[in-house]
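# Working through the structure, step by step
The lines below spell out each chain.
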Amino acid sequence: MLKDITLGQYVHLESPVHRLDPRTKVIITLLYTVALFLLSSLTSVSLAGVPILAIILLSKLPWHYIFRGLKPLWIFIVFTLVMHFLSTPGEVLYRLGPFEVTREGVMQGLTVTLRLIWLYAGATLLTLTTSPIALTDGMEQLLTPAKRIGLPAHEFAMMTSIALRFIPTLIEETEKIMKAQSSRGADFDSGNILRRAKSMVPLMVPLLLSAFRRADELAMAMESRCYRGGEGRTRFRPLMMRRSDYTLLVVAGLAFILLVVWR
Amino acid sequence: MSNLTLRDMSQVALFAALTAVGAFIKVPVPFVPFTLQYLFVAMAGILLGSRLGLASQILYIAIGLLGVPVFAEGGGPAYVLKPTFGYLIGFALGAYVIGLLTERLLEAHKGRLFLSVLAGLAIIYGMGALYLYGIMNYVTNSPISVVNTVLYGILLPLPGDIFLSGVAAFLGLKVWLHRRASAGAQEASQ
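Keep in mind it's a predicted model, so treat the numbers as computed, not measured. (Residues numbered from 1 in each chain as written. Chains lettered and ligands numbered in written order. Predicted model: local features only at pLDDT ≥ 70, side-chain atom pairs only at ≥ 80, totals over all residues. Heavy atoms only, no water.)

### A short note on the environment of Asp216 of chain A
Within the secondary structure, Asp216 of chain A is located in helix H11 (residues 193-224). Remark: the alpha-carbon pair of Asp216 of chain A and Thr127 of chain A, spanning 89 residues in sequence, is separated by 31 Å. Setting aside residues no more than four positions away along its own chain, Asp216 of chain A makes contact with Arg7, Gln11 and Arg179 of chain B. Of the polar contacts made by the side chain of Asp216 of chain A, one reaches the side chain of Arg7 of chain B; its length is 3.1 Å. (Helix = DSSP H or I, 4+ residues; strand = E, 2+ residues; numbered from the N terminus. Contact = heavy atoms within 4.5 Å. Polar contact = N/O pair within 3.5 Å; in protein donor to acceptor, adjacent residues only side chain to side chain.)

See the structure below:
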């Protein structure tokens, strides 16, 4: 469980998609998302899957990773599909008791669900091929222009890294405190709901207090190492846009403009 | 927002992480997953105050949207489309409101804390139900009636969360008193 959380969904592989700059991938995913909502016919939404399939092939990701990413959504997908099949008026294709499946319903249902699937697959691909740290770095750089209107881009990136670092520590700490309190006679997994809630007190109070102490210690440690925000800070591994990044961005931008005009 | 001290930053990050840990502890209930997230949202409001409480929940949402699976059912930008995303937006607003209502209290008062947490809960549920209704009706075109929204979005998960509100108020009070006592002891020793 610990490993799952710190690494996120990221799968480390060597592929052209993994090598792209995170900024390129974020921008393209955003453009793709907007484009999907501009498409309205079933044919065009089906064709929108071509770039997704191409990227999956290029990224060398095993297919089951993509399906695993889609898993939380599938009940939702089936529900949407059935609702559309049954509730859209039009030419009746099939009748079952009081329910009618119409041609319009089938078309609309497929369009809406395909759009959902591509949307989810695109977002999943971004996070499967980009590590959370690279993503936060990319976001920080992309949001740099917004610093002028007071958006704390660097602070947010820093807090994200700290929070990601804290998650496994907190889980470890919880397990440790649970064992410590059990050895003193605390009972965490029996009794009715009220008893269990009461058993939260000897767990949560020490957890929160020690967490606060950790946060204070971290702040002090950073201060004593002269951390003073993003101003003038340099990086060990600066992000680099390569020629392939620029080419891809231009192609995606042109495709997007074409789509808007052609619509 | 931009004038955060380092201590503020690490505490904000801490509560974003705690909310994430709360999401991993889940009790299977159909439609709206019941987790301990809300406990930590309320604690963020009580212990960090309105501004930092809000920041911690915004950070939590941002981390989840970046693709780290910190939400109850994973993460990633597409989570925005999930009908339950409104509750996450509600967390941010709820933490802010709980912070607003409690940060002016000079003396710890269990009843007042409980009422403030309930006010936050009302905001979370309002936001969640509105979003659920909006997503189902306008984005995925799968109509859901107002009655069903209220039933699945509010009435079914409500008892558990009212109970958690009591736990949150009680725990918040304990930790708040401990922290004040230790701060007082530190000042006395200096």
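After presenting the structure, the write-up continues.
### What about the pattern of salt bridges?
Any two side chains of opposite charge can pair if their charged atoms end up close together. Taken as a whole and assessed by the stated rule, the structure comprises five salt bridges over all chains. Between Arg7 of chain B and Asp216 of chain A there is a salt bridge; the shortest N-O distance is 3.1 Å. Placement of Arg7 of chain B in helix H1 (residues 6-24) and of Asp216 of chain A in helix H11 is noted, with the two residues assigned to different chains. For Arg7 of chain B, a relative accessible area of 43% translates into the label partly exposed. (Salt bridge = Lys/Arg side-chain N within 4 Å of Asp/Glu carboxyl O. Buried < 20%, exposed > 50% of the residue type's maximum accessible area, 1.4 Å probe, protein only.)

### Concerning the side chain of Ser10 of chain B
Note on placement: Ser10 of chain B falls in helix H1. Polar contacts involving the side chain of Ser10 of chain B include one to the main-chain carbonyl oxygen of Ala215 of chain A, which spans 2.9 Å. With near-sequence residues (within four places) excluded, Ser10 of chain B lies in contact with Phe166, Ala215, Leu218 and Ala219 of chain A.

### Focus: the UniProt feature "transmembrane region" (unreviewed entry) in chain B
Here the UniProt feature "transmembrane region" (unreviewed entry) sits at residues 12-40, 52-72, 84-101, 113-134 and 154-173 of chain B. The straight-line gap between the two end C-alpha atoms of residues 113-134 of chain B is 32 Å; of that span, 100% is helix and 0% is strand. (UniProt positions renumbered as here; feature names shortened; annotations may be inferred.)

### Focus: the interface of chain A and chain B
With 55 residues of chain A at the contact, the number on the chain B side is 53 residues. Buried area between chain A and chain B, both sides added, is near 4800 Å², and the carbon and sulfur share of it is 85%. On the chain A side of the interface with chain B, the three residues burying the most area are Met159, Leu208 and Phe212 of chain A, jointly 14% of the side's total. Where chain A packs against chain B, one counts one salt bridge. At the junction of chain A and chain B, the tally comes to three residue pairs in polar contact (both at pLDDT 80 or more). Of all the elements in the fold, those that place two or more residues in the side of chain A that touches chain B are helix H7 (74-87), helix H8 (103-129), helix H9 (132-143), helix H10 (153-183) and H11 of chain A. (Buried area = accessible area lost by both parts, 1.4 Å probe.)

### So, helix H3 (residues 85-102) of chain B
When the terminal C-alpha atoms of H3 of chain B are compared, their 26 Å separation across 18 residues agrees well with the 26 Å that a helix rising 1.5 Å per residue should span. Of all 18 residues making up H3 of chain B, 13 are buried, and the element is well covered by its neighbours. (Expected span 1.5 Å × (residues − 1).)

### Quick notes on the packing of aromatic side chains
Within the structure shown, the criterion is met by four aromatic pairs over all chains. A ring pair is formed by Phe212 of chain A and Phe15 of chain B, whose centres lie 5.7 Å apart and whose planes are at 55°; its orientation type is tilted. Taken as a pair, Phe212 of chain A in helix H11 and Phe15 of chain B in helix H1 lie in two separate chains rather than in one. Here Phe212 of chain A and Phe15 of chain B have matching classes, each one buried. Residues Tyr87 of chain B and Tyr125 of chain B carry aromatic rings whose centres are separated by 5.9 Å and whose planes lie at 80° to one another, so their mutual orientation is edge-to-face. (Phe/Tyr/Trp six-rings, centres within 6.5 Å; stacked < 30°, edge-to-face > 60°.)

### A short note on the packing of helix H2 (residues 37-65) of chain B against H3 of chain B
Residues and elements named next belong to chain B. With their axes 8 Å apart at the nearest point, H2 and H3 run at an angle of 155° to one another. Put simply, H2 runs roughly antiparallel to H3. In the packing of H2 onto H3, the handedness of the crossing is left-handed. (Axes fitted to C-alpha atoms, helices over the stretch in contact; angles between N-to-C directions. Parallel < 35°, antiparallel > 145°, perpendicular 65-115°, else oblique. Left-handed = near helix turned anticlockwise from the far one by under 90°.)

### Concerning the pairing of strand E1 (residues 92-96) of chain A
Successive side chains on a regular strand alternate, one facing one side of the sheet and the next facing the other. Residue and element names in this part refer to chain A. Of all five residues in E1, zero are buried; the element is thus mostly exposed. By the bridge criterion, four bridges tie E1 to strand E2 (residues 99-102) in an arrangement that is antiparallel. Considered in E2, the bridge of Tyr94 is made with Val101. (Pairing = 2+ DSSP bridges.)

### Brief notes about the side chain of Glu173 of chain A
All names here are of chain A. Secondary-structure assignment places Glu173 in helix H10. Here the side chain of Glu173 touches Arg214 through a polar contact of 2.9 Å, side chain to side chain. Once residues within four sequence positions are removed from consideration, Glu173 is found in contact with Leu207, Ser210 and Arg214.

### Here's the deal with the confidence of the model for chain B
All names here are of chain B. Of all residues in chain B, 87% have pLDDT values of 70 or greater, and the mean over the chain is 83. In the model of chain B, strand E1 (residues 26-27) stands out as the element of lowest mean pLDDT, 62, in contrast to H3, which has the highest, 93. Scored as a complex, the prediction yields pTM 0.78 and ipTM 0.85. (pLDDT = per-residue confidence, 0-100.)

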